[in-house]
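# Structural features, examined
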Amino acid sequence: MKQISPRFVPVLAAALSLGLAAPVSASEDGWDDAGTIAKNALVVAAFAVPAVEGDWEGVLQAGGSIGGTMLITQGLKEAFPSRRPDGSDNKSFPSGHTSTSFAAAATLHNRHGWEAGLPAYLVASFVGLSRVEAKKHRVGDVLVGAAIGTATGHLITSKANERVQIFPWGDTKGAGVDVSFRF
């Protein structure tokens with residue numbers, strides 16, 4: 001399994017920590033904003049981590065996982081209209097923010113291991129919580145969204161090549177790329 005270089009962990013941590021920002025207030029709008037920021041941070045991380053590593057297959061797989069999840073989610077929203085708890089529309093089932101977040105987390109997990117997956121799943125779980133707290137979804141909407149995203153992410157994303165590892169790194173004194181081959 002391809003491991004993320006310890007020198008790259010701060011970049012991933014910074015992207016994911018954006019998603020852990022607590023709502024400015026306990027209002028529904030605060031939860032909604034925080035969940036949207038967290039979802040967007042996960043999507044960026046799902047594309048950025050393989051891109052920075054030069055793993056273009058990983059970038060394509062992230063796009064397939066997230067895009068496929070969005071298509072399934074939108075199809076279900078149209079097929080099974082459900083009123084949101086806040087009454088704003090009939091697009092409650094399933095949660096799109098949650099399905100997208102879990103697709104990004106599953107992609108990071110499957111492609112880069114638990115070191116990337118664990119924090120990503122924590123952020124995705126926060127997204128699901130934020131959708132319930134913002135009164136945009138019920139718990140069932142979020143659980144189905146999480147299942148869709150996780151399944152799609154794991155079905156479309158494959159493990160990175162274990163024999164070739166590319167580790168970009170950087171600090172205040174320089175930057176570079178470490179490449180290792182296993183024969």
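Criteria and thresholds
- Here the residue index of a chain counts from 1 through its sequence in written order.
- Only residues with pLDDT of at least 70 get local features here, since the model is predicted, and only at 80 or more are side-chain atom pairs given and counted; chain-wide, interface and lining totals rely on the full set of residues.
- Just so you know, side-chain values use all the structure's heavy atoms and leave hydrogens and water out.
- Strands here are runs of E lasting at least two residues and helices are runs of H or I lasting at least four, both read from the DSSP assignment and numbered beginning at the N terminus.
- Burial here depends on accessible area, computed with a 1.4 Å probe over protein chains only, as a share of the maximum for the residue type. Under 20% is buried, over 50% is exposed, and the range in between is partly exposed.
- By definition in these notes, contact holds between two residues if any of their heavy atoms fall within 4.5 Å.
- Shrake-Rupley sampling with a 1.4 Å probe provides the accessible areas, and residues are treated as covered by the protein chains on show and by no other component.
- Put simply, a salt bridge is a Lys or Arg side-chain nitrogen that is within 4 Å of an Asp or Glu carboxyl oxygen.
- The charge count treats Lys and Arg as positive and Asp and Glu as negative. His and the chain ends do not count.
- By convention, a stacked pair of Phe, Tyr or Trp rings (six-membered ring in the case of Trp) has centres within 6.5 Å and planes under 30 degrees apart, an edge-to-face pair has planes over 60 apart, and any other such pair is tilted.
- Take the residue count of a helix, subtract one, and multiply by 1.5 Å to get its expected span.
- The angle between two axes is taken between their N-to-C directions and runs from 0 to 180 degrees, where each axis is a line fitted to C-alpha atoms and a helix contributes only its stretch in contact.
- Note on angle classes: values under 35 degrees are labelled roughly parallel, values over 145 roughly antiparallel, values of 65 to 115 roughly perpendicular, and the remainder oblique.
- Crossing handedness follows the turn of the near helix against the far one: under a right angle anticlockwise gives a left-handed crossing, and clockwise gives a right-handed one.
- By the convention adopted, Pro, Cys, Tyr, Trp, Phe, Met, Ile, Leu, Val and Ala count as nonpolar, Lys, Arg, Asp and Glu as charged, and the other residues, Gly among them, as polar.
- Counted as a polar contact is a pair of N or O atoms within 3.5 Å, where, for protein atoms, one must be capable of donating a hydrogen and the other of accepting one, and residues adjacent in sequence contribute only when both atoms are in side chains.
- To define a nonpolar core, start from buried Ala, Val, Leu, Ile, Met, Phe, Trp, Tyr and Cys residues and group those joined through side-chain atoms within 4.5 Å.

Each helix and strand in the chain was counted, giving six helices and two strands. Starting at the N terminus, the α and β elements of the chain follow one another as α-α-α-α-α-α-β-β. Within the chain, the fraction of its 183 residues that count as buried is 45%. Put simply, of all contacts in the chain between residues at least 6 apart along the chain, 68% involve residues at least 24 apart. Surface exposure of the chain reaches about 9,000 Å², of which carbon and sulfur atoms provide 67%.

This part covers the pattern of salt bridges. Tallying each qualifying case throughout the model produces six salt bridges. Where R111 meets D55, a salt bridge forms, and the shortest distance between an N and an O atom there is 2.8 Å. With R111 in helix α4 (residues 96-112) and D55 in the loop between α2 (28-52) and α3 (56-79), the pair connects residues that are 56 residues apart, well separated along the chain. Each of the two residues, R111 as well as D55, counts as buried.

When you line up the elements, A104 lands in helix α4. A104 sits 61 residues away from V43 along the chain, and the two C-alpha atoms are 5.6 Å apart. Setting aside residues up to four positions removed in sequence, A104 forms contacts with L42, V43, A46 and I66.

Residue placement: K39 occurs in helix α2. D32 provides the closest opposite charge to the buried, unpaired K39, separated from it by 9.3 Å. Those residues in contact with K39, other than ones at most four positions away along the chain, are H97, T100, S101 and V127.

All right, on to the packing of aromatic side chains then. Under the defined criterion, the tally for this structure stands at three aromatic pairs. Between F80 and F93, the ring centres sit 6.4 Å apart and the planes meet at 85°, which makes this aromatic pair edge-to-face. One end of the pair, F80, is in the loop between α3 and α4; the other, F93, is in the loop between α3 and α4, and 13 residues separate them in sequence.

Glancing now at helix α5 (residues 114-133). Here α5 is 20 residues long and its end C-alpha atoms lie 28 Å apart, about the 28 Å a rise of 1.5 Å per residue gives. Turning to α5, its buried residues number three or more, namely A116, G117, A120, Y121, V123, A124, F126, V127, G128, S130 and R131. K135 sits one or two positions beyond α5 and adopts a positive phi of about 65°.

What follows concerns the packing of α3 against α4. In contact at an axis separation of 9 Å, α3 and α4 are set at 155° when each is read in the N-to-C sense. Our classification of the angle between α3 and α4 gives roughly antiparallel. Where α3 crosses over α4, the two elements pack in a sense that is right-handed. Contact residues: E57, G58, Q61, A62, S65, I66, T69, M70, T73 and K77 in α3; G96, S99, T100, A103, A104, T107 and R111 in α4. Residue classes in the contact of α3 with α4 are distributed as five nonpolar, nine polar and three charged.

Before going further, it helps to examine the environment of Q61. Note that Q61 resides in helix α3. Beyond its immediate sequence surroundings of up to four residues, Q61 is in contact with R111, I156, T157 and S158. A polar contact of 2.8 Å, which involves the side chain of Q61, links it to the backbone nitrogen of S158.

The next thing to look at is the nonpolar core. Grouped together as the largest cluster of nonpolar side chains are 25 residues, with contacts concentrated most on L42, A46, I66 and L108. Counting residues per element, the ones that place at least two in this core are α2, α3, α4 and α5. Looking at which element gives the most residues to this core, the answer is α2, with eight residues.

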